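Close look at the chain arrangement
Read off the chains here:
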Amino acid sequence: MTSTSTLTAGRNPKTTAKRCAGPAPSALPKIQAPQRVAPADARELSKQFLLRLDELDEGTSEYQYVRNTLIEMNLSLVRYVARRFSSRRESMEDVLQVGTIGLIKAIDRYDSSRDVEFTTLAVPYIQGEIKRFFRDTTWSVRVPRRLQELRIDLARAREELECEGIHEPSAADLAAHLDLVEEEVAEGLVASNGYDSDSIDRPIQAGGGKQQTGLVADLIGSEDPALALAEDIQALKPHLADLDDRDRTLLQLRFGAEMTQAEIGEELGLSQMHVSRLLTRACSTLRKRLLAEG
């Protein structure tokens, strides 16, 4: 996000009626480097600039100067709030950009007539914008907000139960601790798996991380094509037993011995066309019986 977009994002049009908040200074100091202003000085200057902002009309050059200076002077407040989230894996630059949007919203919505410190409004706005960013972007699988918040409650409850001596809390333990039904806790535990993802090509380390023993993909099972064949054979067995001896012999020679219809005809003294009709009838009978079971 460039400095220009940062200073203009999140604007809410002010009403034409000006708020009565006491006299504003007729002339404000020209600050050459707003971001270098010390936090204590920024708080005092922000009061003057916020009062002046109420007196100006949007679109004027002075309004833009006052608003942009307020944003730049209070970027240290964004950095202060963002440090609380420094342990997250997301880029700190992204967090600062999102926090700046919260700061801009606080400036545009600040009501100086309420005689409330600007930081009292700005900090929750900045923090809320950063938390919304994490909620919307950090989950590998999108889940409802209710389950996202439940994941946090479950993690906190797990820590508290472990401190009480329950090293592997069950869903029932967590449900009793949070005063929830066990089904809701189970749903939250399943949803928690969607928070993070891992590559199947990640190496598996052993011996304290000194030895690579394979890849995650090696632990993932695959479908055995012979399994379906075994199931089909078991399903066919009772229906094969119901066929007469000649049909079973034909099927054995054709699919067991893999003989051609002509070779079967020579073996049994039948024409190739008659063998074809008998095989078709036997297969149709077996197919109908299997479908009837399904």
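Further up the page is the structure itself.
Scope of this entry: the structure provided in the associated data block. (Residues numbered from 1 in each chain as written. Predicted model: local features only at pLDDT ≥ 70, side-chain atom pairs only at ≥ 80, totals over all residues. Heavy atoms only, no water.)

**Describing the overall build of the protein chain**
- Scanning the protein chain from terminus to terminus reveals 13 helices and 2 strands.
- Burial statistics for the protein chain: of 294 residues in total, 30% are counted as buried.
- Total accessible area computed for the protein chain in this model is approximately 18,600 Å², and 52% of it derives from carbon and sulfur atoms. (Helix = DSSP H or I, 4+ residues; strand = E, 2+ residues; numbered from the N terminus. Buried < 20%, exposed > 50% of the residue type's maximum accessible area, 1.4 Å probe, protein only. Areas by Shrake-Rupley, 256 points an atom, 1.4 Å probe, with all protein chains shown as cover.)

**Some thoughts on the pattern of salt bridges**
- The tally for this structure, following the rule as stated, stands at 11 salt bridges.
- Between Lys47 and Glu44 there is a salt bridge whose closest N-O contact spans 3.7 Å. Separated by 3 residues within a single helix, Lys47 and Glu44 lie in helix α2 (residues 39–55), roughly one turn from each other.
- A relative accessible area of 47% places Glu44 in the partly exposed class.
- We note a salt bridge from Arg67 to Asp108, for which the minimum N-O separation is 2.9 Å. With a gap of 41 residues between them, Arg67 in helix α3 (residues 61–73) and Asp108 in helix α5 (residues 92–109) connect regions that are remote in the sequence.
- By relative accessible area, Arg67 is classed as buried at 0%.
- Overlapping salt bridges bring together Glu44, Lys47 and Glu117 as one network. (Salt bridge = Lys/Arg side-chain N within 4 Å of Asp/Glu carboxyl O.)

**Thoughts on the nonpolar core**
- If you look at the biggest cluster of nonpolar residues, it comprises 35 residues, and the most contacted ones within it are Phe49, Val66, Leu70, Met73, Leu103, Phe118 and Ile130.
- Of all elements in the fold, only α2, α3, α4 (75–82), α5 and α6 (118–137) reach the threshold of two or more residues within this core.
- At 7 residues, α6 tops the list of elements feeding residues into this core.
- Once residues within four sequence positions are removed from consideration, Ile130 is found in contact with Val81, Ala82, Phe85, Val95, Val98 and Gly99.
- Counting 11 residues, the second largest nonpolar core, distinct from the first, contains Leu253, Met259, Ile264 and Leu278. (Core = buried A, V, L, I, M, F, W, Y, C linked by side-chain atoms within 4.5 Å. Contact = heavy atoms within 4.5 Å.)

**Section: α4**
- Residues of α4 that are buried include every one of Leu75, Leu77, Val78, Val81 and Ala82, and no others. With its buried residues spanning 150° around the axis, α4 presents them on a single face.
- In the core, the buried residues of α4 are packed alongside α3, α5 and α6. (Arc of directions from axis to C-beta.)

**Thoughts on the packing of aromatic side chains**
- One pass over the structure, following the stated rule, counts 2 aromatic pairs.
- Pairing Phe49 with Tyr65 gives two aromatic rings, centres 6.1 Å apart and planes at 55°, and the pair type is tilted. In this pair, Phe49 sits in helix α2 while Tyr65 sits in helix α3, placing the two residues 16 residues apart along the sequence. Taken as a pair, Phe49 and Tyr65 share a single burial class, namely buried.
- Considering the side-chain rings of Tyr110 and Phe118, the 5.6 Å spacing of their centres and the 80° angle between planes classify their relative orientation as edge-to-face.
- Here Tyr110 falls in the buried class, since its relative accessible area comes to 11%.
- Residue classification places Phe118 among the buried residues on the basis of a relative accessible area of 6%.
- The ring of Phe255 has Arg254 lying over it, and the distance from NZ or CZ to the ring centre is 5.7 Å. (Phe/Tyr/Trp six-rings, centres within 6.5 Å; stacked < 30°, edge-to-face > 60°. Lys NZ or Arg CZ within 6 Å of the ring centre and 35° of its normal.)

**Re unusual backbone geometry**
- One non-glycine residue, Asp179, lies in the positive phi region at around 60°.
- Of note, Asp179 is situated in the loop between α8 (171–178) and α9 (182–192).
- A positive phi angle, close to 55°, is found at Glu258, a residue other than glycine.
- Locating Glu258 in the fold gives a position in the loop between α11 (245–256) and α12 (261–268).
- Assessed through its relative accessible area of 65%, Glu258 is described here as exposed.

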